[in-house]
Amino acid sequence: GAVVSQHPSRVICKSGTSVKIECRSLDFQATTMFWYRQFPKQSLMLMATSNEGSKATYEQGVEKDKFLINHASLTLSTLTVTSAHPEDSSFYICSARGQGVRTDTQYFGPGTRLTVL
Amino acid sequence: GIQVEQSPPDLILQEGANSTLRCNFSDSVNNLQWFHQNPWGQLINLFYIPSGTKQNGRLSATTVATERYSLLYISSSQTTDSGVYFCAVRGSTLGRLYFGRGTQLTVWP
């Protein structure tokens, strides 16, 4: 149990385009979802936290107009990188916490590698 | 926020060796998790261990909450153990996780 999926696993796009990444909890209801960003050989950096049906809470320094997060249902959250630029290239990981599993544990998706040319 | 320090930053072992990874944290916590990030980036939950000792096969972990540290033991290491090991803590029930910088483990055959 407690599986989190992400799609796509890898995406390459041109500078200026927008990219949407989906995060799904497959066998539990995710009341809270987290989006992280990880640069090579570095730790995970929390970008934002979202509760189902509410606006996301962004960490300091993260542009909310750049990284749009939607958590419209208990099993799906999306991260849209708008007008992507090469500096947005990174590994994006979602995580979920919720009902039907250990409520005090976060479960992580496999990540999405974004390359902006 | 809570500061999390992991040591060593890098560890190179021969297959079959044992190792100990350490995680120190700056404040009281109600959640501590150890993760293994494999070479493809997937984070795998190893232990949820805010206190006490747990074992799972060749891996075991101990958290001494009063002294604010946790240890992850890997015995008889295998090449598949290679990757980055992260420690993450949370200070309150619904709070965010704070990650350490990780320990990069390389196990050679």
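In this report, we go over the structure that sits alongside the text. (Residues numbered from 1 in each chain as written. Chains lettered and ligands numbered in written order. Predicted model: local features only at pLDDT ≥ 70, side-chain atom pairs only at ≥ 80, totals over all residues. Heavy atoms only, no water.)

Tallying secondary structure elements over chain B gives zero helices and eleven strands in all. For chain B, the sequential pattern of α-helices and β-strands runs β-β-β-β-β-β-β-β-β-β-β. Here chain B has a C-alpha radius of gyration of 13 Å; the compact-globule value for 109 residues is 13 Å, and the two agree. Projecting the C-alpha coordinates of chain B onto the three principal axes gives extents of approximately 40 × 25 × 20 Å. Taking all contacts inside chain B whose residues are at least 6 apart in sequence as the whole, residues at least 24 apart take part in 56%. As displayed, chain B offers around 5,300 Å² of accessible surface, 50% of which is attributable to carbon and sulfur atoms. (Helix = DSSP H or I, 4+ residues; strand = E, 2+ residues; numbered from the N terminus. Rg over C-alpha atoms; globule rule 2.2 N^0.38 Å. Contact = heavy atoms within 4.5 Å. Areas by Shrake-Rupley, 256 points an atom, 1.4 Å probe, with all protein chains shown as cover.)

Residues and elements named next belong to chain A. As summarised here, the arrangement of the four strands in space is 1-3-8-7, forming an open sheet in which the pairing is antiparallel. Of all the strands in the sheet, just strand 1 (4–7) and strand 7 (67–73) have a single pairing partner and so form its edges. Strand-to-strand twist in this sheet, taken as the mean axis angle between neighbours without regard to direction, amounts to 15°. (Pairing = 2+ DSSP bridges. Axes fitted to C-alpha atoms, helices over the stretch in contact; angles between N-to-C directions.)

Attention now goes to the packing of aromatic side chains. Under the definition given, this model contains eight aromatic pairs over all chains. On the basis of an interplanar angle of 80° and a centroid distance of 5.7 Å, the ring pair of A:Tyr36 and B:Phe99 is categorised as edge-to-face. Within this pair, whereas A:Tyr36 is found in strand 4 (residues 29–38), its partner B:Phe99 is found in strand 10 (residues 98–99), the two belonging to separate chains. Among the residues examined, A:Tyr36 registers a relative accessible area of 1% and is labelled buried. Judged by its relative accessible area of 13%, B:Phe99 is buried. Geometrically, the ring pair formed by A:Phe67 and A:Tyr92 is tilted, given 6.3 Å between the ring centres and 45° between the ring planes. (Phe/Tyr/Trp six-rings, centres within 6.5 Å; stacked < 30°, edge-to-face > 60°. Buried < 20%, exposed > 50% of the residue type's maximum accessible area, 1.4 Å probe, protein only.)

In this section: the environment of B:Thr80. Mapped onto the elements of the fold, B:Thr80 is located in the loop between strand 8 (69–74) and strand 9 (83–90). Using a relative accessible area of 60% as the deciding quantity, one classes B:Thr80 as exposed.

With that settled, the discussion passes to the pattern of salt bridges. Residues and elements named next belong to chain A. Counted according to the given criterion, the structure contains four salt bridges over all chains. Of the charged contacts in the structure, one is a salt bridge between Arg24 and Glu22, with a shortest N-O distance of 3.4 Å. Its relative accessible area of 34% is what places Arg24 among the partly exposed residues. Judged by its relative accessible area of 25%, Glu22 falls in the partly exposed class. Between Asp88 and Lys66 there is a salt bridge, and its shortest N-O distance comes to 2.7 Å. Separated by 22 residues along the polypeptide, Asp88 in the loop between strand 8 (76–81) and strand 9 (90–99) and Lys66 in the loop between strand 6 (57–58) and strand 7 bring together distant segments of the chain. The exposure class of Asp88 is buried, given its relative accessible area of 5%. Lys66 sits in the buried class, given a relative accessible area of 11%. (Salt bridge = Lys/Arg side-chain N within 4 Å of Asp/Glu carboxyl O.)

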